[in-house]
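Structural characterization, general
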Amino acid sequence: MADKYVGRRVKRTEDPRLIKGLAHYVDDIKLPDTLHVAFVRSIYAHARINNVDVSEALNVPGVVAVYTGKDVADKVGPVPCASALPDLKVPDHRVLAKDKVYFVGHPIAAVVATDRYAARDAVDLVMVDYDDLPAVVDVEQAAAGSTVIHESFGDNIAYKMSSGEGDIEAALSSADKVIKQRILHRRLAPIAMEPRGVLARYYPGEEELTVWSSTQIPHLLRTQLALMIGIPENKLRVITPEVGGGFGSKLNVYPEEALLGWISMQLGKPVKWIETRRENIQATIHGRGQVGDIEIACKNDGTLLGLRYNVIADLGAYHQLLTPAIPTLTGLMLSGAYKIPAIQINITACFTNKMATDAYRGAGRPEATYVVERALDLVAAELGVDPAEVRRKNFPAANEFPFHTATGLDYDSGDYEAALNKAQQIVDYKTLREEQKRLRAEGRLIGVGVSTYVEICALGPSQAMPAGGWESATVRIEPTGKVTILTGASPHGQGQETSFAQIAADELGVDLNDVTVIHGDTGVVQYGIGTFGSRATAVGGTAVLVAIQKLKAKASKIAAHILQTDATRLSFEGGKYSLEKAAASAAGASEPVVPVGEAPAAALPEPETNGRTSLTIQEIALAAHLAKELPPDTEPGLSATYFFEPKNFTFPFGTHIVVVEVDRETGDIKFLRYVAVDDCGKVINPMLVDGQLHGGICQSIGQAMYEEVVYDEQGQLVSGTLMDYALPRASHVPNFELDRTETPSPVNPLGIKGVGEAGTIGATPAIVGAIVDALSPFGVKHLDMPIKPETIWKAINTSH
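Residues numbered from 1 in each chain as written. Predicted model: local features only at pLDDT ≥ 70, side-chain atom pairs only at ≥ 80, totals over all residues. Heavy atoms only, no water.

Another aspect to go through is the overall build of the protein. Assigned secondary structure in the protein consists of 21 helices and 28 strands. Expected size for 800 residues packed as a compact globule is a radius of gyration near 28 Å; at 29 Å, the protein falls within 12% of this value. In terms of overall dimensions, the protein has a C-alpha envelope of 90 × 75 × 45 Å along the principal axes. A total of 800 residues make up the protein; the buried ones form 60% of that total. Counting contacts in the protein only where the partners sit at least 6 residues apart, residues at least 24 apart contribute 81% of the total. Charge-centre separation for the protein: the mean point of 75 positive side chains lies 2 Å from the mean point of 97 negative side chains. (Helix = DSSP H or I, 4+ residues; strand = E, 2+ residues; numbered from the N terminus. Rg over C-alpha atoms; globule rule 2.2 N^0.38 Å. Buried < 20%, exposed > 50% of the residue type's maximum accessible area, 1.4 Å probe, protein only. Contact = heavy atoms within 4.5 Å. Lys, Arg positive; Asp, Glu negative; His and termini not counted. Charge placed at Lys NZ, Arg CZ, Asp CG, Glu CD.)

Moving on to helix α15 (residues 496–508). Spanning 13 residues, α15 covers 17 Å between terminal C-alpha atoms, matching the ideal 18 Å at 1.5 Å per step. Counted residue by residue, α15 has twelve buried out of 13 residues, so it is predominantly covered. By the burial criterion, the buried members of α15 are Gln496, Glu497, Thr498, Ser499, Phe500, Ala501, Gln502, Ile503, Ala504, Ala505, Asp506 and Leu508. One or two steps after α15, the chain reaches Gly509, where phi turns positive at roughly 70°. (Expected span 1.5 Å × (residues − 1).)

Let us look at the sheet that holds strand β22 (residues 571–573). In spatial order, the strands read β22-β23-β24; together these three strands make up an open sheet with antiparallel pairing. If you trace the sheet from one side to the other, it starts and ends with β22 and β24 (614–616), each paired once. Here the average twist between neighbouring strands, direction ignored, is 20°. Here β22 pairs with strand β23 (residues 576–578) via three bridges, running antiparallel. Opposite Glu573, over in β23, you have Lys576 as the bridge partner. (Pairing = 2+ DSSP bridges. Axes fitted to C-alpha atoms, helices over the stretch in contact; angles between N-to-C directions.)

The subject of this paragraph is the pairing of strand β12 (residues 271–274). Pairing between strand β1 (residues 35–41) and β12: two bridges, direction parallel. Along β12, the bridge assignment pairs Leu35 with Val271. As judged from the four bridges shared by strand β9 (residues 197–203) and β12, these two strands associate in the antiparallel manner. Bridging from a neighbouring strand, Leu199 pairs with Lys272 of β12.

In terms of nonpolar packing, the biggest core is built from 165 residues, with Ile767 and Leu775 touching the most fellow members. Considering every element that reaches this core, the biggest residue donor is helix α11 (residues 365–383), with nine residues. Taken domain by domain, the makeup of this core includes at least three residues from each of domain 1 (31–133 + 193–245 + 250–283) and domain 2 (287–460 + 648–798). Those residues within four positions of Ile767 in sequence are excluded, and the remaining contacts are Val658, Phe671, Tyr674, Ser700, Ile701, Ala704 and Met705. (Core = buried A, V, L, I, M, F, W, Y, C linked by side-chain atoms within 4.5 Å. Domains from an automatic or database assignment.)

Below, the discussion takes up the confidence of the model for the protein. Averaged over every residue, the pLDDT of the protein is 95; residues scoring 70 or more account for 96%. Long-range and interchain partners of residues 581–608, a stretch whose pLDDT sits below 50, account for 16 contacts in this model, where long-range means more than four residues apart. (pLDDT = per-residue confidence, 0-100.)

For the rest of this paragraph, the subject is the domain arrangement of the protein. Domain annotation of the protein identifies domain 1 (31–133 + 193–245 + 250–283), domain 2 (287–460 + 648–798) and domain 3 (470–644). Taking only C-alpha atoms, the centre of domain 1 and the centre of domain 3 are 45 Å apart. Listed by partner, the interface residues are 17 residues for domain 1 and 15 residues for domain 3. In total, about 1300 Å² of surface goes out of reach between domain 1 and domain 3, with carbon and sulfur atoms giving 54% of it. (Buried area = accessible area lost by both parts, 1.4 Å probe.)

All right, on to unusual backbone geometry then. Looking along the chain, the bond that leaves Phe401 and enters Pro402 is cis, with omega of 0°. Tracing the backbone through its elements, the reader meets Pro402 in the loop between α12 (387–394) and β16 (403–404). Cis rather than trans, the peptide bond between Met785 and Pro786 has omega equal to -5°. Assignment of secondary structure puts Pro786 in the loop between α20 (758–774) and α21 (789–797). If you check the backbone angles, Asp33 has positive phi at about 60° while not being a glycine. Relative to the helices and strands, Asp33 is located in the loop between α1 (15–19) and β1. Owing to a relative accessible area of 55%, Asp33 belongs among the exposed residues under this scheme.

Given below as structure tokens:
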């Protein structure tokens, strides 16, 4: 094909079914005789269970069964935690509480009925006799030794860890300036558009269980569910229909998934549970949740010497799949985009009487970036220099990559100054600062925030991952010439049905609409790891590319056999293997120089081609399936599978510049400009990149200005509905001015770095920095998120 698909703004091929309402989410799947499940959840944050009386609930018309913790304690295994850290304490968390509850929303009993209304009515008739216990809500109090949640551990500390390289004490003692600041990362609720959902169906005759779940990791979920409920893994199939957003919150194995599979096995009927929004905020993982103190050491000229971060991480009441690992990711990324010779992070991870925290868009990297970027702003304020110049001074140069950080990572490639320069050019930075001075003189509060971030993506090498870091792909050309891709990645909004088709269309010379990408079905797709950590294209897309190359090698062999020539004489272009291309190329080549005394090499004989000089990839695919003209020892069919194992992570980067105006009378914040220059390596589809950035920045706006999961002193969830948990609305979102630089990654042949979390990581410190800068005339140097109008009003009115 003349026009390549890769690099073009191609509309998502998956969108029409979504826009038309023709897509299928879990609740859209209707099976005959489906029963519905509703959960009795704890109303206390911390309590002993004396008794659970289900007798009245069983009398409700339509109720089929009620299961309690005692019913399933020895039938269903514990909720898995995949993190492996030294001396990690892992609670024995079961799918239903048996003797004790330790967060509001903790499931106690499951009611099964013929419809969801009967199940919900019966929930209110389950009588739970509690003994209320003191709740541990404040993570610093949990670390200090208040009421112990899991008595067998003796305290609330899940683990402690210190890491980093360089001599931090020497850096702090030799510095001209040591700046300290407490940093709070409030808990956030991911709030995917569609809450979680599970449908399970067991066939007793075949002893086969199928689970439909809105998960990000269908194969890993299958493995864990098989272990939890004791079914052979090859008798269990997990299907992921439309997910409706995940952001990491569906990158887990939840109690409901295992329990519904077990219930279906007991009753021999399909069972379904669809999470309500209140349940979603109570019992789907939360993100962030850290309290930390930073010390940043520098010279008077702004050169950074060292950074220490002492952090207490709020893990919640138990561990989900990656809960303990998230603070360690924060530690890994504390170097940011800078040369910091000495870095130390000291983590104290604690249990509290709240829902577990886990991976939420960025997963530890937004916390690290926020810490480093706020530190750079504090250095700039202390030294009285422009925050952009402090950053520029401490960048590694483009020729210093791969760049080793004092956190132990090796950044693959980068040109951080190029991204900063481009963002400053777009916003006309010098003029902007002059205009800011002029408007301030008029009494207007204008602020400019700068964030130059780097993140870790394409998670990654198996040695660094709890369950493998590779990804798989099978590419098959059907007898009719249509292309099928089976990917172990599990896209749910990232657009890989389109981007993988773009890769295949270019590599095979076929029309984009002739490529179908299949994912999320363990009964059809070879084992894969899943979608998270901005890995699906960098790792999964590379697997697709290499599988295609393997397929083409076989196709070339078949074509050469049919055309009765050597494969080296063939060229491939536009979906066709051609003999004349190679011959023409050979004819135009200069004669080789033969050393004196040596005979010239014998020329290859001209092939007999039966009159044919070319074959399309579709013709080769048909021939491969008919198997009448195959070379000796060649298997029929035309397909290839590849498992790609990356040797390193990738490290996207960029610069975000935000301009805001603050109303000194009301504290309201107005965005005047939002400029983002991001570098995610080679770009397959700029439209998909822009979409990912839009969503990520919007979530950062939420964290910076609106969102906060709030528990009271008794552990009651105060922000338990969307009437109480504030999300940014369309009117709160500015126009985004997006651009990019392109620095290919050497980690994979596509040169891709990843972009799914970039907006969330780069935006938050830029927004906060702009607000703080606007308030700098009042002596404000830092404000904790979310920065609400009343926060600003108080800062202005208490400044004197």
